[in-house]
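What the coordinates show
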Amino acid sequence: MGKPQVPISVTDLKFSIEDIEDFLSGPVNPKFQTPYVPKLWKTKDGDEVIIREAKKEEAEAMLQTLKQLIDHKYDRDFYHLVGVRTYSEILAWAQNRIKDSYVIVVTSPDGERQSIVNHRFWDDNVAISLHTITFKRKSNLGIMAYASKIEHAFDFVGVNEWWATFESPFGFRMGFRYVHTTKPWPQVQHELGGSRVYYIDRETWNNVVKPKLKERNLFGERPVSEEVLKKTYPLKPTEKLEVEI
Ligand SMILES: CC(C)(COP(=O)(O)OP(=O)(O)OC[C@H]1O[C@@H](n2cnc3c(N)ncnc32)[C@H](O)[C@@H]1OP(=O)(O)O)[C@@H](O)C(=O)NCCC(=O)NCCS
């Protein structure tokens, strides 16, 4: 047992950390990192926000805010649970420990972050919704940001299905409003805790969800000028958490 059937010239082999890293991180598929073209949108309160892709070097600013939510005092509307899970996903993304993840942020014109959404690509066919979290409530930011990541998956990358699950009633309501239906459960389970997969396909996105978003003014507008976009860098952590309603 454990002894090769032919003589081996050495008793030990060394592996470099860099060789090991290739096994641990997996190759990046550039298709899944197709850049999201930024958008402008006005919140329910009339504030202008910019929706744009996040860069890995901005992870620290995101983690700073999320870290505050990792506390029992945020056990309301599932902010604690979603905060801790999003924290781990952003850290894993920055440190190359999650497959083909993509992160979008919503910022104020001076780059203060108000919302984070992330997803990842299972393969060319399926995108997995991870989390949607907003730090300023009652302005429809969350539901608009959630739609932006669906748009990235269908219209920029070209998947055929969007697989979500929801931890909170407010999250579930987003799926309900965007006509998500279920896969058979428990035969098909979502990677976030094995709960139900709520999904939409490309046809529903194009024929139902996207028109509804536009009609309800939840889609946003392009283009965003270079000058406006530039001011959103560097990303600033959210100054004040406004997560209670
Ligand atoms: C889920 C989430 C992203 C939704 O964000 P959102 O769509 O911007 O909605 P909010 O959380 O701000 O809730 C606003 C809603 O609260 C309700 N509400 C209750 N009291 C209210 C008040 N005094 N004023 C305004 N709205 C009120 C309304 O129904 C309103 O929605 P509507 O105007 O669209 O009808 C956000 O709640 C969040 O980040 N939650 C924590 C994390 C989470 O649960 N994520 C989803 C799991 S994957």
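This text goes with the structure placed above it.
An account of the accompanying structure is given in this report. (Residues numbered from 1 in each chain as written. Predicted model: local features only at pLDDT ≥ 70, side-chain atom pairs only at ≥ 80, totals over all residues. Heavy atoms only, no water.)

1. Some thoughts on the sheet that holds strand β6 (residues 161–164)
Strand order across the open sheet formed by eight strands is β1-β2-β3-β4-β5-β6-β8-β7, with mixed pairing between neighbours. The open sheet has two edge strands with one neighbour each: β1 (39–42) and β7 (181–182). Summarising the sheet, β1 and strand β2 (residues 48–53) pair through four bridges and their orientation is antiparallel. Of the residues in β2, the one forming a bridge with Trp-41 is Val-49. Set on the sheet, helix α2 (residues 59–69) makes contact with β3 (101–107), β4 (113–121) and β5 (126–134); between it and β4 the angle comes to about 100°. The strands touched by helix α4 (residues 141–157) are β1, β2, β3, β4, β5, β6 and β8 (198–201); relative to β4, the strand with the most contacts, the crossing angle is about 35°. (Pairing = 2+ DSSP bridges. Helix = DSSP H or I, 4+ residues; strand = E, 2+ residues; numbered from the N terminus. Contact = heavy atoms within 4.5 Å. Axes fitted to C-alpha atoms, helices over the stretch in contact; angles between N-to-C directions.)

2. Section: the layout of surface pockets
Computed from the structure, the largest pocket encloses a volume of approximately 590 Å³. Forming the walls of the largest pocket are 31 residues, and the residues nearest its centre are Thr-134, Gly-142, Phe-170, Gly-171 and Met-174. It is β5 that provides the largest number of residues to the lining of the largest pocket, a total of six residues. Looking at side-chain class alone, the lining of the largest pocket contains 12 nonpolar, 10 polar and nine charged residues. At the level of elements, α1 (17–25), α3 (79–94) and β3 are the ones that each hand at least two residues to the lining of the second largest pocket. Considering every element that reaches the lining of the second largest pocket, the biggest residue donor is β3, with three residues. Split by residue class, the lining of the second largest pocket holds nine nonpolar, five polar and six charged. (1 Å grid on protein atoms, 1.4 Å probe; cavity = no way out; pocket = protein on both sides within 12 Å on 5 of 7 lines; lining within 4 Å. Points joined across faces, edges and corners; volume = space filled by probe spheres on them. Nonpolar A, V, L, I, M, F, W, Y, C, P; charged D, E, K, R; others polar.)

3. Re the packing of α4 against helix α6 (residues 202–215)
At a minimum axis distance of 12 Å, the contact between α4 and α6 shows a crossing angle of 140°. As summarised for this structure, α4 and α6 are arranged oblique, according to the angle between their axes. The handedness of the crossing between α4 and α6 comes out as left-handed. Across the interface between the two elements, Ala-147, Ile-150, Glu-151, Phe-154 and Asp-155 from α4 touch Arg-202, Trp-205, Asn-206, Lys-210 and Leu-213 from α6. Considered class by class, the residues forming the contact of α4 with α6 number five nonpolar, one polar and four charged. (Parallel < 35°, antiparallel > 145°, perpendicular 65-115°, else oblique. Left-handed = near helix turned anticlockwise from the far one by under 90°.)

4. Quick notes on the site of the ligand
Close to the ligand lie 20 residues; Lys-44, Thr-132, Arg-137, Lys-138 and Ser-168 are nearest. The protein chains hide 79% of the 940 Å² of surface that the ligand would expose on its own. Structurally, the ligand is housed in the largest pocket. Listing elements by their share of the shell around the ligand, those giving two or more residues are α3, β5, α4 and α5 (169–177). With four residues, the top contributor of residues to the shell around the ligand is α5. Here the residues of the shell around the ligand sort into seven nonpolar, six polar and seven charged. (Near = heavy atom within 4 Å. Areas by Shrake-Rupley, 256 points an atom, 1.4 Å probe, with all protein chains shown as cover. Sits in = over half its atoms within 2 Å of the grid points.)

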